[in-house]
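Coordinates in review
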Amino acid sequence: MAVMAISSSFASLSFIMAIFILSVAGSTDNGSGCHPDYPSGVPPVAKADIDLLQFALNLEHLECDFFLWGAFGYGLDKVEPWLVMGGPPPIGVRKANLDDLTERIIGEFGYQEVGHLRALKTTVGGFPRPLMDLSARNFASLMDQAFGHRLLPPFDPYRNSLSYMIASYVIPYMGLVAYVGTNPLLEGYISKRLLAGLLGVEGGQDAVIRGYLYERAFELVHPYPITVAEFTIKISKLRNSLAHCGIKDEGLFVPLELGAENKTHSNVLSANYNSLSYARTPAEVLRVVYDTGNEHIPGGFYPKGGNGKIARSYLRDPDRSNTTAA
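Residues numbered from 1 in each chain as written. Predicted model: local features only at pLDDT ≥ 70, side-chain atom pairs only at ≥ 80, totals over all residues. Heavy atoms only, no water.

You'll find the protein entered in an unreviewed UniProt entry as Desiccation-related protein PCC13-62, with Kalanchoe fedtschenkoi given as the organism.

See below:
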């Protein structure tokens, strides 16, 4: 009797699902309800939105070439050269020594970033790829700063899969918090749709990276007597220190008062008191990615500063920089 009841329930559920699928298919056929009704009197892309969204190109370019090169040994110049717009090639980037699983993840991330660049540049225009330093030496310098002393041998993100994923922990999260910070400032409905789509995938990338590292949290990162969790905590503390705006970045384990509902030390996702994503301003982001703690002084991943009106506006001598957007 129990088996018959279960079978009957399953049949009923299958019938309901079939009706639902048919109704969805029908609505798709006649076009009803497949597209949102955009508000009248609101521009698709407001003039003020353009600079805000173009600022994101700096981070998308960084992620794109880091991931493509890490997985395939070549970058945007080969995959989608028109998106480079004449910008200089990245410094020191190369293929990483990745296992099959990690290479598939990173390769997909790289292709996703190509799509992000295309979506941004075809919607709000763009500028040439800025000069970017993705060398092992630059990552080593950042890690030395995070730990407060030199790591020996120097940290090399291209050494193996785990080192590469720790280096990846450094990058997409900055795009995530930058998009969260930009969101309330946008006016146009196409601008908001674009940002929401970008933010969804950036958040997913960050979650995959954090989940990958969380599973290995207590493993030592060869050749150092330092665990994966310790690396994430140190990197997050450095980013908070550089940004000068309190705690908006958390490692894989946190004090109880920073855990979800103050009930857990586990921190597979970084979020605030209400478990909402943190937000950062362009100035905060630049302080971190320049690794100088000062949005007016380039360095770190951008030796000559970022491109676009927002990034250039902070530079004390923008004429010495890369080509800027019009």
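Here the narrative resumes.
1. Looking at the overall build of the protein
To be explicit about the condition: Each helix is a run of H or I in the DSSP string that is no shorter than four residues. Each strand is a run of E no shorter than two, and both are numbered from the N terminus. Think of it in three bands: with a 1.4 Å probe and only protein chains considered, a residue is buried below 20% of the maximum accessible area for its type, exposed above 50%, and partly exposed in between. Should any heavy atoms of two residues lie within 4.5 Å, those residues are considered in contact. The protein chains shown are the only cover counted for residues, whose accessible areas, like all others here, come from Shrake-Rupley with a 1.4 Å probe.
When helices and strands are tallied, the protein shows 11 helices and 0 strands. In the protein, the order of α-helices and β-strands from amino to carboxyl end is α-α-α-α-α-α-α-α-α-α-α. Among the 326 residues that make up the protein, the fraction classed as buried is 47%. In the protein, 71% of the contacts between residues at least 6 apart in sequence involve partners at least 24 apart. Of the accessible surface of the protein, which amounts to about 15400 Å², a share of 60% is contributed by carbon and sulfur atoms.

2. Side note on the pattern of salt bridges
Pairing between side chains of opposite charge can happen when their charged atoms approach one another. Quick note on the threshold: In what follows, salt bridge is the name for a side-chain nitrogen of Lys or Arg lying within 4 Å of a carboxyl oxygen of Asp or Glu.
Per the counting criterion, the structure on display carries 9 salt bridges. For Asp 249, the salt bridge is made with Arg 239, and the minimal N-O distance between the two is 2.5 Å. Of the two residues, Asp 249 is situated in the loop between helix H9 (228–243) and helix H10 (282–289) and Arg 239 in helix H9; the sequence distance between them amounts to 10 residues. Taken individually, Asp 249 and Arg 239 each receive the classification buried, so the pair is uniform in this respect.

3. Regarding unusual backbone geometry
A cis amide bond links Leu 152 with the next residue in sequence, Pro 153, at an omega value of -5°. Relative to the helices and strands, Pro 153 is located in the loop between helix H5 (136–147) and helix H6 (161–169). Note the cis peptide between His 222 and Pro 223, where omega equals 10°. Along the chain, Pro 223 turns up in the loop between helix H8 (189–215) and H9. You will see that Ser 275, though not glycine, has its phi angle at about 60°, which is positive.

4. Considering the nonpolar core
What counts, and what does not: We call a set of buried residues a nonpolar core when its members are Ala, Val, Leu, Ile, Met, Phe, Trp, Tyr or Cys and they connect through side-chain atoms within 4.5 Å of each other.
The biggest cluster of nonpolar side chains holds 81 residues, and the ones touching the most others in it are Leu 213 and Phe 231. Take this core: its biggest share by element is 12 residues, from helix H2 (residues 47–72). The residues touching Leu 213, leaving out its near neighbours within four places in the chain, are Leu 162, Met 165, Ile 166, Tyr 169, Val 228, Thr 232 and Leu 252.

5. A word on the side chain of Arg 210
Note the cut-off: Only four residue types enter the tally: Lys and Arg on the positive side, Asp and Glu on the negative side, with His and both chain ends excluded.
The residue Arg 210 is located in helix H8 in this model. For the buried residue Arg 210, which engages in no salt bridge, the nearest side chain bearing the opposite charge is Asp 206, 4.6 Å off.

6. Thoughts on H8
To keep it simple, the criterion reads: In a helix, the anticipated span is given by 1.5 Å times the number of residues less one.
The end-to-end C-alpha distance of H8 is 39 Å, a good match for the 39 Å that 27 residues give at a rise of 1.5 Å each. Among all positions in H8, only Ser 191, Leu 194, Leu 195, Leu 198, Glu 202, Gln 205, Asp 206, Ile 209, Arg 210, Tyr 212 and Leu 213 are buried. Where H8 is buried, its residues meet H2, helix H4 (100–124), H6, helix H7 (172–182) and H9.

7. As for the environment of Arg 239
Exposure remark for Arg 239: the relative accessible area of 4% places this residue in the buried category. Distance in space between the C-alpha atoms of Arg 239 and Val 170 is 8.9 Å, their sequence separation being 69 residues. When residues no more than four places from it in sequence are discounted, the contact partners of Arg 239 are Tyr 169, Val 170, Ile 171, Tyr 173, Met 174, Asp 249, Arg 280 and Val 288.

8. Examining H2
The line we're drawing: Note that bend, as reported per residue, equals the angle between axes fitted to the 7 residues terminating at that residue and the 7 residues originating from it.
End to end, H2 covers 38 Å across 26 residues, agreeing with the expected 38 Å (1.5 Å per residue, within 8%). The largest bend along H2 reaches roughly 25° and is located at Leu 59. In terms of burial, H2 is a largely internal element, 20 of the 26 residues being buried. The positive-phi residue at the C-terminal boundary of H2 is Gly 73, with phi of around 85°.

9. Things to note about the packing of aromatic side chains
To keep it simple, the criterion reads: Here a Phe, Tyr or Trp ring, Trp counted by its six-membered ring, pairs with any other such ring whose centre lies within 6.5 Å, and the pair is stacked when the planes are under 30 degrees apart, edge-to-face when over 60, and tilted otherwise. Lysine NZ or arginine CZ positioned within 6 Å of the ring centre and within 35 degrees of the ring normal marks a charge as sitting over the ring.
All told, the structure shown has 16 aromatic pairs when counted by the stated rule. Both rings, one in Tyr 38 and one in Tyr 189, keep their centres 4.1 Å apart while their planes meet at 20°; by these two values the pair is stacked. Here the residue Tyr 38 occupies a position in the loop between helix H1 (2–30) and H2, and Tyr 189 occupies one in helix H8, the gap between them amounting to 151 residues. Feature note: the residues Phe 66, Phe 67, Phe 109, Phe 139, Tyr 158, Tyr 164 and Phe 301 constitute an aromatic cluster, connected by ring pairs. Here Lys 78 stacks its cationic end above the ring of Tyr 74, 4.1 Å away from the centre of that ring. Here the basic side chain of Arg 216 rests over the ring of Tyr 212, its NZ or CZ set 3.7 Å away from the ring centre.

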